[in-house]
Amino acid sequence: MKRSKYEIDMCNGSIMDKLISFSLPLMLSSILQLMFNAVDIIVVGRFSSSQALAAVGSTTALISIFTNLFIGISLGANVLAARYYAAQREKEMSEAVHTSIALALISGIVMVFVGVGASRFALELMATPADVIDLSVTYMRIYFMGMPFFMLYNYGAAILRAVGDTKRPLLFLAAAGMANVALDLLLVIVIPLGVAGVAIGTVTSQMISCILVLRCLWKSEGSYQFRFSKLSIKWIYLKRIFQVGVPAGIQSTVINFSNALLQSSVNSFGSTAMAGYTAANNIIGFLYVAVNAVTQACMSFTSQNYSVGKQKRMDRVLVDCIILSAGAAGVLGVGAYVFGSQLLGIYTSETEVIQCGVEILSITTVPYFLCGIMDLIPGALRGMGHSAVPMVLSVIGTVGTRIIWIYGFFPHHRSLHFLFISYPGSWIITIIMQAICFYFVRKQCVRQLKSAGNYSNAI
């Protein structure tokens, strides 16, 4: 099979260098996206008000709750496309691609109505302060108008990741992000629209990235070429996408629900703590995207090798991914801990806001490598087609621990530091449960591959 220069052969040859080649552009894409999001926060924090900064930050967890179900489903599209691509099943690959894009368009339109209609009610449930809530509603409603672009980009990028192409999405995000920065400066500083300005800039950048990724798929000459005339929902592929994607989406949604509960607890400290959490959470976001890039690599590599029966190579992929993820999280986590106050000073000059942010970073950054390992094991399991059980265990381990902590222990020891101890605690508990699950699922997969005559000892 002839490959383009952007694709990666995940089933043959050395592993670590290909994992790095896959992960690094994806990591840079996500970091670049966060940097552009950080510009939103920096511009509104420095040229508007702390209430505007808190308003933008207070919507993060809610937006994630609304969107992550459909973003999680895109992981199902990634796994399915990776399998068909590795097995050279071109007809199935094409039909899976067009089903995925159709699903993205429909889900994006649905999210416009859900997000716009439910924004104020959801923010009120989170006890968003009165001096912030109107600004938060404005930001969310404009943001959700761009959901079709957001969904189409994410599903299109998932298809490109399935064939090993993470370089072109990096270029697309760079172009869209620069437009976002220019619009932020124009619509907040020159034309003082405040949170509405940064929301408009975000929606416009999402539209640009969407157009670029669809153009890329359109111009492709491979089995993942996109044509509007072929756009349709094939139920057989939709079912397979949902088998992997829905549990992943539910897991992400429920975990972000626990983050929304935590946001509600932060809100109880007032707008200063909210602003500190907004800045600290943006810094933590850089750590997350670094480890998540490796998780995406693990899932794509595992899925392709599962389709050709290379179990030992799948094992090696997971080990190398753990090394890569822990190394990246260790370097970034220690750096965020040591230079926390200086990094927070980029977002705001208010001393009290910086102090709140430092308190949060002091407990979450150094052990962040645990979060990477916690995500890697479900990523490998999804690559093997097992998504439901990891979802249940992640919800129990992560959400259950945090709910118990927030409602059982936090009321008796009210401080930001104590509140955020729930992060590393939930990571450790979830890792233990996921590792036990992986052991049994791996044994089952080996038996299935051998019985199907599709087992190979090759690495």
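Since the model is a prediction, treat every value here as computed from it, not as a measurement.

Asker: Explanation requested: the side chain of Ser-119 in the structure shown.
Answerer: The topology assignment puts Ser-119 in helix α4 (residues 90-125). By relative accessible area, which is 0% here, Ser-119 ends up buried.

Asker: Explain the pattern of salt bridges here, please?
Answerer: Close approach of charged atoms allows side chains of opposite charge to pair. Under the defined criterion, the tally for this structure stands at six salt bridges. Arg-89 is the salt-bridge partner of Glu-92, the closest N and O atoms lying 3.5 Å from each other. For Glu-92, a relative accessible area of 22% translates into the label partly exposed. The salt bridge partner of Asp-315 is Arg-442, with a shortest N-O separation of 2.5 Å. Here Arg-442 lies in helix α17 (residues 422-451) and Asp-315 lies in helix α11 (residues 311-338), a separation of 127 residues in the sequence.

Asker: Would you take a moment to explain the nonpolar core for this structure?
Answerer: Across soluble globular proteins, nonpolar side chains have a tendency to be buried as a group. Counting residues in each nonpolar core, the largest one holds 136 residues, and the members touching the most others are Tyr-224, Val-266 and Phe-420. If you tally residues by element for this core, the top one is helix α10 (residues 271-307), at 19 residues. Ranked by size, the runner-up nonpolar core spans five residues in total, among them Val-79, Val-244, Ala-248 and Met-299.

Asker: Help me out: how do you make sense of the state of the cysteines in this one?
Answerer: Disulfide: a covalent bond connecting the sulfur atoms of a pair of cysteines. In this structure the tally under the stated criterion is zero disulfides. Cys-321 forms no disulfide, and the closest cysteine sulfur to it belongs to Cys-298, at a distance of 4.2 Å. Left unpaired, Cys-437 is separated from the closest cysteine sulfur, that of Cys-445, by 10 Å. By relative accessible area, which is 9% here, Cys-437 ends up buried.

Asker: Can you help me understand a nonpolar patch on the surface in this one?
Answerer: A cluster of nonpolar side chains, Leu-185, Leu-186, Ile-189, Val-190, Ile-191, Leu-193 and Ile-200, forms an exposed patch at the surface whose accessible area comes to about 540 Å². Among the elements that make up the nonpolar patch, the one with the highest residue count is helix α7 (residues 167-190) (four residues). Leu-193 sits in the partly exposed class, given a relative accessible area of 38%.

Asker: Hey, could you run me through the side chain of Lys-18 in this one?
Answerer: Within the secondary structure layout, Lys-18 lies in helix α1 (residues 16-47). Although buried, Lys-18 forms no salt bridge, and the nearest oppositely charged side chain, Asp-9, lies 4.6 Å from it. Of the polar contacts made by the side chain of Lys-18, one reaches the backbone oxygen of Asp-9; its length is 2.8 Å. One polar contact links the side chain of Lys-18 to the main-chain carbonyl oxygen of Asn-12, over a distance of 2.4 Å.

Asker: Is there a simple way to think about empty space enclosed by the protein in this case?
Answerer: Rolling a probe over the atoms, with the probe sized like a water molecule, indicates the empty space that remains. The full count for this structure, using the stated rule, is two cavities of 30 Å³ or more. Considering only enclosed or pocket space, the second largest cavity measures out at about 40 Å³ in volume. Of all the elements, α11 adds the most residues to the lining of the second largest cavity, at three residues. Here the lining of the second largest cavity is built from residues that sort into four nonpolar, two polar and one charged.

Asker: Help me understand the packing of helix α12 (residues 340-347) against helix α13 (residues 351-364), please; the structure alone is not making it clear to me.
Answerer: When two helices pack together, you describe them by how their axes are tilted relative to each other and by the distance separating the axes. The interhelical angle for the contact between α12 and α13, taken along N-to-C directions, is 135°, at an axis separation of 9 Å. Put simply, α12 runs oblique to α13. When the axes of α12 and α13 are compared, the crossing they make is right-handed. In this structure, α12 uses Gly-340, Ser-341, Leu-344 and Gly-345 to contact α13, whose residues at the interface are Ile-354, Gly-357, Val-358 and Leu-361. In the contact of α12 with α13, the residues fall into four nonpolar, four polar and no charged.

Definitions and limits used
- Residues numbered from 1 in each chain as written.
- Predicted model: local features only at pLDDT ≥ 70, side-chain atom pairs only at ≥ 80, totals over all residues.
- Heavy atoms only, no water.
- Helix = DSSP H or I, 4+ residues; strand = E, 2+ residues; numbered from the N terminus.
- Buried < 20%, exposed > 50% of the residue type's maximum accessible area, 1.4 Å probe, protein only.
- Salt bridge = Lys/Arg side-chain N within 4 Å of Asp/Glu carboxyl O.
- Core = buried A, V, L, I, M, F, W, Y, C linked by side-chain atoms within 4.5 Å.
- Disulfide = S-S within 2.5 Å.
- Patch = residues over 30% accessible without salt bridge, like charges linked within 9 Å, V, L, I, M, F, W, Y side chains within 5 Å.
- Areas by Shrake-Rupley, 256 points an atom, 1.4 Å probe, with all protein chains shown as cover.
- Lys, Arg positive; Asp, Glu negative; His and termini not counted.
- Polar contact = N/O pair within 3.5 Å; in protein donor to acceptor, adjacent residues only side chain to side chain.
- 1 Å grid on protein atoms, 1.4 Å probe; cavity = no way out; pocket = protein on both sides within 12 Å on 5 of 7 lines; lining within 4 Å.
- Points joined across faces, edges and corners; volume = space filled by probe spheres on them.
- Nonpolar A, V, L, I, M, F, W, Y, C, P; charged D, E, K, R; others polar.
- Axes fitted to C-alpha atoms, helices over the stretch in contact; angles between N-to-C directions.
- Parallel < 35°, antiparallel > 145°, perpendicular 65-115°, else oblique.
- Left-handed = near helix turned anticlockwise from the far one by under 90°.
- Contact = heavy atoms within 4.5 Å.

By themselves, these figures tell us nothing about what the structure is for.
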